[in-house]
Amino acid sequence: MALASGVRFAERALLRPWALLRGTTLGRTEPAAGGGGDGARRFGSQRVLVEPDAASGVAVMKLRNPPVNALSLELLTELVISLEKLENDKTFRGVILTSDCPRVFCAGLDLTEICGRNPAHCAEYWKAMQELWLRTYLSSLVLVAAINGACPAGGCIIALSCDCRVLADNPKYRIGLNETLLGIIAPFWLKDTYVNTIGHRASEQALQLGSLFPPAEALQVGLVDQVVPEDQVQSTALSEMARWLAVPDHARQLTKNMMRKATADRLLRQRDADTQNFVSFVCRDSIQKSLQAYLEKLRQRKG
Ligand SMILES: CCCCCCCCCCCC/C=C/CC(=O)SCCNC(=O)CCNC(=O)[C@H](O)C(C)(C)COP(=O)(O)OP(=O)(O)OC[C@H]1O[C@@H](n2cnc3c(N)ncnc32)[C@H](O)[C@@H]1OP(=O)(O)O
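Read on for a plain summary of the structure. For every chain, the first residue of its written sequence is number 1, and the numbers climb from 1 along that sequence. Residue-level local features of this predicted model are given only where pLDDT is at least 70; pairs of side-chain atoms are given and counted only at 80 or more, and the full residue set underlies all totals for whole chains, interfaces and linings. Excluding hydrogens and water, the side-chain figures rest on all heavy atoms present in the structure.

1. Some thoughts on unusual backbone geometry
Glycine aside, residues mostly have negative phi angles, and peptide bonds mostly take the trans form. Just so we agree on the cut-off: Comment: elements are numbered from the N terminus, with helices defined as DSSP H or I runs of at least four residues and strands as E runs of at least two. Partly exposed describes any residue whose relative accessible area lies between the buried limit of under 20% and the exposed limit of over 50%, with all areas from a 1.4 Å probe on protein chains only and scaled to the type maximum.
Here the bond from Pro66 into Pro67 is cis, since omega is 5°, no more than 30 degrees from zero. For Asn69, which is not glycine, the phi dihedral falls at a positive 55°. For Asn69, the position within the fold is in the loop between strand S4 (58-63) and helix H2 (73-88). By relative accessible area, which is 0% here, Asn69 ends up buried. Its identity as a non-glycine residue notwithstanding, Ala153 has a phi of 50°, on the positive side. You can see Ala153 is positioned in the loop between strand S7 (151-152) and helix H4 (154-161).

Here's what the structure looks like:
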């Protein structure tokens, strides 16, 4: 079959996610509100709600890890498994990724997963983060991010791994990689994803400054493809999806692979070294202190 052998190669190289699954409730299926037939049944897990529409071949995947969809190990694992499930079901050609939590798309890494944790836990956590990025970045499905809330750091990376981004026009919904402001450094594959999206000079500035862009600026710099009123985010994401699905799958998939494979391969070639770098970096006393102070500031800052 003509379908990207490169995509398959990369997919084979990925970890099986099942080993990561702890205390999740994946596979549960329930009728969607008001729904009847198979196409209206939703499935998912505790932290990821999937609303599939078999007729259109599009599923809406909602992150629901309140209060801020921080990427806990469980959420990362459930996202990988839900995506894999949709990829293996040939009924589906596209996924709209959005948030079920008000005002926040995704707050990025769950800092409690790397603060005061032992190196083994940090390593397990980072491998799950790599896995989610590889899966989304190389997904054979069309992925559209319907960004209906704040989208810093790891949240931004999930959105950038999609094929297209629609952001709600609310000045509080800022998007970008703010790692430097936490005293940490974006690893090379986050940097590569940024550069591939907005170019080298804009990334150089934004990464060093830890810039979080409000909607108009995010559109201008190319971090998102559309900015629309909040109540039009889903409908616009669906229109974008239709545009992408109008292209024959095999041609689109091969082209996506051609554009993204080299970037993904860079991580695949040095996954263990990247994990070791991450662990030794975040386990430093000075970095732990910065992260603790940042978390404390977040907890004290309300509203
Ligand atoms: C020299 C060699 C080097 C080689 C090194 C290579 C390796 C480098 C390693 C570095 C890794 C880099 C990767 C980083 C990616 C990341 O994702 S880091 C995470 C960054 N995230 C953020 O900065 C977001 C922080 N959160 C917010 O700004 C806000 O919460 C919000 C805008 C998302 C939402 O605001 P609001 O609705 O007002 O909610 P809050 O009241 O702020 O928060 C509610 C609640 O949630 C807790 N919380 C928020 N974010 C996080 C988080 N990311 N993790 C954990 N918990 C979070 C917050 O503390 C509140 O908790 P309480 O209710 O007070 O308990």
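2. Quick notes on the site of the ligand
Basically, it comes down to this: Put simply, a residue is near a molecule or strand once any heavy atom of it comes within 4 Å of that molecule or strand. In protein, a polar contact means a hydrogen-donor-capable atom and an acceptor-capable atom, both N or O and within 3.5 Å, with residues adjacent in sequence counting only if both atoms are side-chain atoms; elsewhere, any N or O pair within 3.5 Å suffices. Here the open area of atoms and residues is found with the Shrake-Rupley method and a 1.4 Å probe, where only the protein chains shown may cover a residue. Note on residue classes: Ala, Val, Leu, Ile, Met, Phe, Trp, Tyr, Cys and Pro are nonpolar, Asp, Glu, Lys and Arg are charged, and everything else, Gly too, is polar.
Near the ligand lie 27 residues; those nearest to it are Ala107, Leu109, Gly154, Tyr294 and Arg301. In the model, an oxygen atom of the ligand is placed 2.5 Å from a nitrogen or oxygen of the Tyr294 side chain. For the ligand, whose free accessible area comes to 1300 Å², the fraction covered by protein is 78%. Elements with a minimum of two residues in the shell around the ligand: helix H10 (271-282) and helix H11 (285-300). By residue number, the principal contributor to the shell around the ligand is H11, which donates 3 residues. Of the residues in the shell around the ligand, the class split is 19 nonpolar, 3 polar and 5 charged.

3. So, the layout of surface pockets
As a reminder, the rule being used: Only protein atoms enter the calculation, which uses a 1 Å grid: trapped sets of points that fit a 1.4 Å probe without letting it out are cavities, open sets showing protein on both sides within 12 Å along at least five of seven lines are pockets, and any residue with an atom within 4 Å of a point is a lining residue. Grid points are joined across faces, edges and corners, and a volume is the space filled by probe spheres set on the points.
Counted as a void, the second largest pocket has a volume near 350 Å³. Forming the walls of the second largest pocket are 19 residues, and the residues nearest its centre are Cys162, Asp163, Asn196, Met259 and Arg260. Counted by class, the lining of the second largest pocket contains 6 nonpolar, 5 polar and 8 charged residues.

4. Quick look at the environment of Ser140
By the secondary structure assignment, Ser140 is in the loop between helix H3 (119-137) and strand S6 (142-147). Judged by its relative accessible area of 14%, Ser140 falls in the buried class. Separated by 46 residues in sequence, Ser140 and Gly94 place their C-alpha atoms 8.8 Å apart.

5. Some points on the packing of aromatic side chains
For the record, the criterion: For this analysis, a ring pair means two rings from Phe, Tyr or Trp (six-membered ring only for Trp) whose centres lie within 6.5 Å, classed as stacked if their planes differ by under 30 degrees, edge-to-face if by over 60, and tilted for the remaining angles.
Counted by the stated rule, this structure contains 4 aromatic pairs. With a centroid separation of 3.8 Å and an interplanar angle of 10°, the aromatic rings of Trp126 and Phe278 are classed as stacked. With Trp126 in helix H3 and Phe278 in helix H10, the pair connects residues that are 152 residues apart, well separated along the chain. Judged by relative accessible area, which is 4%, Trp126 ranks as buried. Residue Phe278 is classed as buried on the basis of its relative accessible area of 11%. Measuring from centroid to centroid gives 5.2 Å for Trp133 and Trp189, while their planes differ by 45°, and the two rings are tilted. Linking Trp133 in helix H3 with Trp189 in helix H5 (residues 188-198), this pair joins segments that are 56 residues apart in sequence. The class of Trp133 is buried, set by a relative accessible area of 2%. Judged by its relative accessible area of 0%, Trp189 falls in the buried class.

6. Some remarks on empty space enclosed by the protein
Tallying each qualifying case throughout the model produces 4 cavities of 30 Å³ or more. Mapped by element, the contributors of at least two residues to the lining of the largest cavity are H2, strand S5 (94-99) and H3. When the residues that make up the lining of the largest cavity are grouped by side-chain class, the tally is 8 nonpolar, 1 polar and no charged.

7. Notes on the packing of H3 against H5
Quick note on the threshold: Whenever a helix is involved, its axis is fitted only over the stretch in contact; in every case the axis is a line through C-alpha atoms, and angles between N-to-C directions fall within 0 to 180 degrees. When describing relative orientation, an angle under 35 degrees is termed roughly parallel and one over 145 degrees roughly antiparallel, while 65 to 115 degrees is termed roughly perpendicular and anything else oblique. Left-handed is the label given to a crossing in which the near helix is rotated counterclockwise from the far helix by less than a right angle, and right-handed is the label when the rotation is clockwise. Should any heavy atoms of two residues lie within 4.5 Å, those residues are considered in contact.
Direction vectors running N to C along H3 and H5 enclose 25°, while the axes themselves pass 12 Å from each other. Taken as axis vectors, H3 and H5 run roughly parallel relative to one another. In this structure, the crossing between H3 and H5 has a hand that is left-handed. Touching Trp126, Met129, Gln130, Trp133 and Tyr137 of H3 are Trp189, Thr193 and Asn196, all from H5. Here the residues of the contact of H3 with H5 sort into 5 nonpolar, 3 polar and no charged.

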